[in-house]
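Structural features, examined
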Amino acid sequence: MIQIICRISQILVLFFMALYTIKCYTYFTAKDRAKRESNINKQIIYIFMIHFLCHVVLIINKPSVKVILYYLVELLIAILYIVLFRVIYRDCSRLIINNIVFMMLIGYTMLLRLNMNLLVRQFVLATIGLVISLFIPMIMYRIPSLKNWTVFYGIVGLVLLASVFVPGVGKVINGSRNWVSIAGFTFQPMEFVKIIFIFFVASSLVKVSTLKQLILNAVIAAFYMLILVAEKDFGAVCLFYICYFMMVYLATSRPVFLIGGIALMVVACMVGYMLFKDNIFSHIIVRIHAWQDPFKYQQNEGYQVCESLFAIGSGGFMGTGLGNGMPYMIPVAESDFIFSAICEELGVIFGLALILIYLSSFIAIQNIAMKCKSPFYKYVTFGIGISYIFQVMLNIGGATKFIPSTGVTLPLISYGVSSVFSTLFMFSIIQNTYILVSKEADHFEKEKARLSIPEERRPGNPARA
C-alpha cells in the first residue's frame, strides 16, 4: 500500500510539474490581464501540490515530526512572501514571484532529502534574504540617482572582490580562493559583486559617447576579471565576461563588439592555458580531463562527473522516487550537482521541465528589459537576465557533461546562502524595473486617452463649461 501511495504521488508530481511549466508559457500568450491572472493563480495551486506530494513521500520514507514541521514552516513562509509582495507592490510580476517560490521550495525539499542540517541553515538565512528583498524596489524608487554612482560601483566592487586576499579572512575551497570568513560566517563576495558589476557597466554605458570612454570602461571591467583569474574562479570569469559583452552589444547594437568579444575570449583562454597551465590553471586542467573522458579518470578526476551521469541515467524519465535513489554517492550533491540528484529521484522529465521554468524566467526578464524606456534600468535588467541564465547553463552543463564543471550553483535550488541572497536581490531589482515599466505603460494609456478626447471636451477647457 505504501509503495502504491509513493508511486501515485510520484506520477502526480510529474503531472503538476508539466501543468506548471505549461502555465509559465501560456502566461506570455494570454490575450488579456484576466487570463494571465488565472494562469498565475493556477500555478500557485500546482506549486503547493508538488510541495505537498514530495513531503508525503519523504514522510513515508523518513517518518519524523521534523519533516512535518519543516513542511508547515516552509508553506507558511511561501504564502507570506507571495501575499506580502503582492500587497506592497500591486504592479509586480507575479510570474517571477511564483518561479522564485517554486524553485526555493524544490531546493528545500532536496536539502531535506540530502542533509537536514544544511536545510535548516539555508531556510533560516534564505528567509532573511526574502525579508530584505521585499524592501529593495522601495529603496530603489527613493534613490533616482543610482545611475550616477559609476565611480562608487567601480571602487566598491573591486574592493569587495579583492577582500579574499586579506590574510586571515580569505579562504581557499575546492582550489578557488573566492571565499571570505568573518566571525564564523563564510560567504562568496563574488555573488554580490556580480550585481555591483552589472550596475557599474550599466551606469558607464549610459554615459559612454566615444570609443575612448568605452575602452576605459572595458579596462576597468578587465580588472574585475583579472582579480577573478587570480582567485582561480573561472566560472565567475566566464559569467562576468559574457555579461559585460552582451550589455555592450545591447547598448551599441554593433555586432563587431559581440564578435570581437568572443574572439578575444578564445585568444585569452589559449594564451592563459599555454602560460599558466601548471599553476593558475592546474585545477581547471583536472576538470577539463574529467569532462573530455570522465570514465578514463573515474577513480579520481572524473569521479564527480561519472556519478552525476550514473544518477541521471538510473533515475530515467520518471525517477526512482524521493528517498529511493543514491544521490549521496555524488560529491557535493547539495550544491554543484543538485540537478543530478533531482533527475535521479524526481526524473529526467522533472529536470527538463525545471530547465524550461528557468528559461521562462529569463524570457520574462528580457521582456521587461526591452519594454523599459530608461536606458540604465534596461541595461541593468538585461545584464541580470544574462547573468542568471548563464549561471543556470554553467551548473546544468557541468552536471550533464555538456561543458566542464565550473563550481557554480543552481539559482535558488542549490545549497549556498551567498548565491540565494544575490539571486533574490537580483529578482527584486527586476521587480523594480517591472513596476517602472507598468507605470510607464499606465502613463502612456492615460496620455493616449487624453489625446483621443475632442479638444472642446477636455477638462479645463473654457468651451467645455
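Here the structure is shown first, and the text comes after it.
So, here is what we can say about the structure in this document.

The rules behind these values
- Residues numbered from 1 in each chain as written.
- Predicted model: local features only at pLDDT ≥ 70, side-chain atom pairs only at ≥ 80, totals over all residues.
- Heavy atoms only, no water.
- 1 Å grid on protein atoms, 1.4 Å probe; cavity = no way out; pocket = protein on both sides within 12 Å on 5 of 7 lines; lining within 4 Å.
- Points joined across faces, edges and corners; volume = space filled by probe spheres on them.
- Helix = DSSP H or I, 4+ residues; strand = E, 2+ residues; numbered from the N terminus.
- Axes fitted to C-alpha atoms, helices over the stretch in contact; angles between N-to-C directions.
- Parallel < 35°, antiparallel > 145°, perpendicular 65-115°, else oblique.
- Left-handed = near helix turned anticlockwise from the far one by under 90°.
- Contact = heavy atoms within 4.5 Å.
- Nonpolar A, V, L, I, M, F, W, Y, C, P; charged D, E, K, R; others polar.
- Buried < 20%, exposed > 50% of the residue type's maximum accessible area, 1.4 Å probe, protein only.
- Salt bridge = Lys/Arg side-chain N within 4 Å of Asp/Glu carboxyl O.
- Core = buried A, V, L, I, M, F, W, Y, C linked by side-chain atoms within 4.5 Å.
- Phe/Tyr/Trp six-rings, centres within 6.5 Å; stacked < 30°, edge-to-face > 60°.

Summed over the entire model, instances satisfying the criterion amount to 2 cavities of 30 Å³ or more. Of the pockets and cavities examined, the largest cavity occupies roughly 80 Å³. What lines the largest cavity is E74, I77, A78, Y81, I100, V101, M104, L105, Y108 and L130. The set of elements that each furnish at least two residues to the lining of the largest cavity consists of α3 (65-88) and α4 (94-114).

This brings us to the packing of helix α12 (residues 303-315) against helix α13 (residues 338-346). It is at 7 Å that the axes of α12 and α13 come closest, and there the two elements cross at 25°. Overall, the two elements α12 and α13 adopt an arrangement that is roughly parallel. Judged by the sense of rotation from one axis to the other, the crossing of α12 with α13 is left-handed. Listed contacts from α13 to S308, A311, I312, S314 and G315 of α12 are S340, C343 and E344. Across the contact of α12 with α13, the residue classes break down as 3 nonpolar, 4 polar and 1 charged.

Note that H289 resides in helix α11 (residues 282-292). Among the residues examined, H289 registers a relative accessible area of 29% and is labelled partly exposed. Counting along the chain gives 238 residues from H289 to H51, while the straight-line C-alpha distance between them is 38 Å. When sequence neighbours within four positions are dropped, the list of residues in contact with H289 reads P294 and Y297.

Tallying each qualifying case throughout the model produces 3 salt bridges. Residue E37 is joined to R94 by a salt bridge in which the shortest nitrogen-to-oxygen separation is 2.4 Å. Pair noted here: E37 is in helix α2 (residues 33-61) and R94 is in helix α4, with a separation of 57 residues, a long-range link. A relative accessible area of 21% means that E37 is categorised as partly exposed. A salt bridge links R113 to E345; its shortest N-O distance comes to 2.8 Å. Here E345 lies in helix α13 and R113 lies in helix α4, a separation of 232 residues in the sequence.

Attention now moves to the nonpolar core. Soluble, globular proteins show a tendency: their nonpolar side chains are buried together. With 134 residues, the main nonpolar core has F102 and F350 as its most contacted residues. Here the element with the most residues in this core is α4; it accounts for 14 residues. Every residue in contact with F102, bar those within four places of it in the chain, is listed here: M17, Y20, I47, I50, F350, L354 and I357.

Moving on, we get to the packing of aromatic side chains. Taken as a whole, this structure holds 28 aromatic pairs when the rule is applied. Consider the rings of Y20 and F102, whose centres lie 4.8 Å apart with planes at 20°: the pair is stacked. Linking Y20 in helix α1 (residues 2-29) with F102 in helix α4, this pair joins segments that are 82 residues apart in sequence. When its relative accessible area of 0% is taken as the criterion, Y20 is described as buried. Overall, the relative accessible area of 2% leaves F102 in the buried class. Measuring from ring centre to ring centre gives 5.6 Å for Y81 and F85, while their planes differ by 65°; the resulting arrangement is edge-to-face. With Y81 and F85 both in helix α3 and 4 residues apart, this pair spans about one turn of that helix. Residue Y81 is classed as buried on the basis of its relative accessible area of 6%. Taken together, the aromatic side chains of F197, F200, Y224, F240, Y241, Y244 and F245 make up a single cluster linked through ring pairs.

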